[in-house]
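# Structural overview
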Amino acid sequence: MGTPQFPDLGKHCSLPDCKQIDFLPFTCDCCHKVFCLEHRSYKQHQCPKSERQDVTVVICPLCAKGVRLRPDENPHITWENHVNADCDPSNYDKVTKKRKCPVRGCREVLVFSNTIKCRDCTVDHCLKHRFGPDHDCPGPKKLDTGFAFMNLLNRSKKEDPKSKQSPTPSSPKWTTSILSAASSFRASAEAGMSKLSNEISQKLHIAKDGAGQSSSGDTAGTELCPQCGAKFSSVTMLIDHVEKVHDRSGNQHHAKVAIDVCPKCSRGFRDPVALVEHVERDHGGTSKA
């Protein structure tokens, strides 16, 4: 057996009726005997230990999961262990129910290769109905980015005036008065700020260019720094002082200070509401449209 160069090459088949020399023999992983190509399977050489490698799987009718039966264990015990530990009846629909295209009349089963998710309605469809007009796409959902208080005011404006005059007994009267006062305050504030914003932007532009500085006798020493109380002769010097000293110095103040300038007297304010009150009180102005 073999050749002079390879004396151990090839082996006889272990089956008594065969004994054929095979130069590429197969070793059974159960009985560990050598067989030829024809008798290498468990059934062909009737392996007595093939049950160790036998794999039998039973599908559970409750959860649709596969239960492997062990050769050295009673099937009833294996089934009882599965029912007490791994069985989940809620998983049956997930495993057995096939997803289909939601378009009416389409029975296409959705799998990995033919599923397209619409980027507007975020619903899975088949390739035939992947476009919006094909599946009557409602479009992307509109996000409510406004404030709840503003929505309440807008809703109060759309209500019937008769309902405002005679509120229902279930809603208190002070709710209607608060809504009306808030809506009037909002309208007046918006009108005043829109009017002052244009004048303030013009004053700031002129002050930065050096063409809108007021006379030294009228505004000398009238601008106070809100952080350190230092006096300055113009708003430009006050803004430069705040930006250089208080914005960059971590020891005095960490947050950036916003200065709003009165268009009448060039006085600086940190709060826009205080600026509106100052214009109405000192200059006889009004914030109403």
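Residues numbered from 1 in each chain as written. Predicted model: local features only at pLDDT ≥ 70, side-chain atom pairs only at ≥ 80, totals over all residues. Heavy atoms only, no water.

## A short note on the nonpolar core
One recurring pattern in soluble globular proteins: nonpolar side chains tend to sit buried together. Listed in full, the 8 residues of the largest apolar core are Cys13, Leu15, Cys28, Cys30, Cys31, Phe35, Cys36 and Cys47. Among all residues touching Cys47, those that are not within four sequence positions of it are Cys28, Cys30, Cys31 and Tyr42. Ranked by size, the runner-up nonpolar core spans 7 residues in total, among them Ile200, Cys262, Leu275 and Val276. (Core = buried A, V, L, I, M, F, W, Y, C linked by side-chain atoms within 4.5 Å. Buried < 20%, exposed > 50% of the residue type's maximum accessible area, 1.4 Å probe, protein only. Contact = heavy atoms within 4.5 Å.)

## Remarks on the pattern of salt bridges
Pairing between side chains becomes possible if they bear opposite charge and their charged atoms approach one another. Applying the stated rule across the entire model yields 3 salt bridges. The closest approach of N and O atoms between Glu73 and Arg70, which form a salt bridge, is 3.8 Å. On the basis of relative accessible area, Arg70 is assigned to the exposed category, the value being 54%. Measuring nitrogen to oxygen at the nearest pair gives 3.5 Å for the salt bridge that ties Asp282 to Arg281. Overall, Asp282 belongs to the partly exposed group, its relative accessible area being 43%. (Salt bridge = Lys/Arg side-chain N within 4 Å of Asp/Glu carboxyl O.)

## Section: the pairing of strand S5 (residues 56–59)
When a strand is regular, its side chains alternate between the sheet's two faces. With 4 bridges joining them, S5 and strand S6 (residues 66–69) adopt antiparallel strand pairing. Pairing of Val57 across the sheet is with Arg68, part of S6. (Pairing = 2+ DSSP bridges. Helix = DSSP H or I, 4+ residues; strand = E, 2+ residues; numbered from the N terminus.)

## Concerning the confidence of the model for the protein chain
In the predicted model, the protein chain carries a mean pLDDT of 75, and the fraction of residues at 70 or more is 72%. Element-level mean pLDDT values for the protein chain span from 42 in helix H6 (residues 216–219) up to 92 in strand S4 (residues 34–35). Segment residues 162–171: pLDDT under 50, and 4 contacts once partners within four positions in sequence are set aside and those in other chains are kept. In the predicted structure, residues 211–221 sits below a pLDDT of 50 and forms 9 contacts with residues beyond four places in sequence or in another chain. (pLDDT = per-residue confidence, 0-100.)

## Quick notes on a nonpolar patch on the surface
Together, Phe6, Leu9, Ile21, Phe23 and Leu24 make up a nonpolar patch on the protein surface, roughly 520 Å² of accessible area in all. Checked against the element boundaries, Phe23 lands in the loop between strand S2 (21–22) and strand S3 (26–27). Using a relative accessible area of 46% as the deciding quantity, one classes Phe23 as partly exposed. (Patch = residues over 30% accessible without salt bridge, like charges linked within 9 Å, V, L, I, M, F, W, Y side chains within 5 Å. Areas by Shrake-Rupley, 256 points an atom, 1.4 Å probe, with all protein chains shown as cover.)

## Some words on the state of the cysteines
Applying the stated criterion to the full structure yields 0 disulfides. Free of any disulfide, Cys87 has its nearest cysteine sulfur in Cys63, 3.9 Å distant. Among the residues examined, Cys87 registers a relative accessible area of 17% and is labelled buried. Here Cys101 stays unpaired: no disulfide links it, and the sulfur of Cys126, its closest cysteine neighbor, is 3.6 Å away. (Disulfide = S-S within 2.5 Å.)

## What about the side chain of His278?
Relative to the assigned elements, His278 resides in helix H8 (residues 272–282). Apart from the residues within four sequence positions on either side, His278 is in contact with Cys262, Cys265, Arg267, Phe269 and His283.

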